[in-house]
Amino acid sequence: MRQEDFNPEQTGKRIILSRSYTGGDRFMLQLFQDSMAIVRQFGRPSLFVTFTANPKWEEITAEFLPGQTAVDRPDLVARVFHLKQQLLLQEIKRKQIFGRYLGSVWTIEYQKRGLPHMHLLIFLHPDDRFLTAERIDEIVYAGLPDPATDPTGELNAIIKSCMVHGPCGEANMRSPCMASKENGGPTSCSKRYPKAYQSETVVQEDGYLKFVVWEKMT
Ligand SMILES: [Zn+2]
């Protein structure tokens, strides 16, 4: 065929991928519509939970070949994450650790260094929602455990390595939270740390919370 006779409209064949094709347009649209149907049925979700893979999980590190780290083994990380995610869902659905379970919706994403994490919305029975300070305190609080209840210091170490923000501010101006979008350069933490200790949970007018942060657990 000469080049001037070439008509792009006559090449190829249009194929519409069915909703059973994972990741396709119709597949994603169906997931979205299912999610909206769940909200119509049960109302707004009660909890937003994030769950992240930890490259130091024993199940992962035990299987490394000499010299490997988690970035070398996305296969392992994905499998271990999936098993732990299923376990967490079981705790929520069967053991009902947050209250009477009605439904859930989640997505799994991969972060920069290949660690999967889940964003999970949980729908609970209306009477089990977390709307008051007392109810919230049953599941959320921050602080380092008393050495008496954590004699080996294992829990202490986990909290310090996974749950503590910073150091940032003057102690570390290169912390990611110090990158400022406005002019004038980085001057303060974008997450507003350090924060004051808080002895009581307060539900603020805008719906945001001030959680309990103990100076010392008693
Ligand atoms: Zn910070």
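All of these numbers come straight from a predicted model, not from anything done at the bench.

Visitor: For this particular structure, what's the right way to read the pattern of salt bridges?
Guide: Close approach of charged atoms allows side chains of opposite charge to pair. A full pass over the atoms with the stated rule returns five salt bridges. In this structure, Lys95 engages Glu91 in a salt bridge whose closest nitrogen and oxygen atoms are separated by 2.8 Å. For Arg100, the salt bridge is made with Asp128, and the minimal N-O distance between the two is 3.0 Å. Taken as a pair, Arg100 in the loop between helix 3 (74–93) and strand 2 (101–110) and Asp128 in the loop between strand 3 (116–124) and helix 4 (133–137) lie far apart in primary sequence, 28 residues in all. Judged by its relative accessible area of 40%, Arg100 falls in the partly exposed class. With relative accessibility at 12%, the residue Asp128 sits in the buried group.

Visitor: It is not clear to me how the coordination of the zinc ion should be interpreted in this structure. Could you clarify?
Guide: Ideal geometry at a metal centre: 109.5 degrees between donors when four sit tetrahedrally, and 90 or 180 degrees when six sit octahedrally. Around the zinc ion, the donor atoms from the protein are His165 (NE2), Cys168 (SG), Cys177 (SG) and Cys189 (SG), and they sit 2.1 to 2.4 Å away. One way to put it: the four donor atoms around the zinc ion meet at angles of 105 to 114 degrees, and that makes the site tetrahedral. Of the residues examined, Cys168 reaches a relative accessible area of 16% and is grouped as buried. According to the relative accessible area criterion, Cys189 is buried, its value standing at 8%.

Here is what the cut-offs are and how they apply
In every chain, residue numbers begin from 1 and rise along the written sequence. Where totals are concerned, whole chains, interfaces and linings use all residues; where local detail is concerned, this predicted model gives features only for residues with pLDDT of at least 70, and gives and counts side-chain atom pairs only at 80 or more. Each side-chain value is derived from all of the structure's non-hydrogen atoms; neither hydrogens nor water enter the calculation. By convention in these notes, a salt bridge is any Lys or Arg side-chain nitrogen within 4 Å of a carboxyl oxygen on Asp or Glu. In this text, helices come from DSSP runs of H or I with a minimum length of four residues, and strands from runs of E with a minimum of two, each type numbered from the N-terminal end. Remark: exposure states derive from per-residue accessible area (1.4 Å probe, protein chains only) relative to the maximum for the residue type, with buried under 20%, exposed over 50%, and partly exposed in between. Coordinating N, O and S atoms are those within 2.8 Å of the metal (3.2 Å for Na, K and Ca), and as water is not part of the atoms, a site may appear to have fewer donors than expected. All geometry calls rest on donor angles, where a four-donor set with angles between 85 and 135 degrees is tetrahedral, four- and six-donor sets with opposite donors more than 155 degrees apart and all others between 65 and 115 are square planar and octahedral, and all else is irregular.

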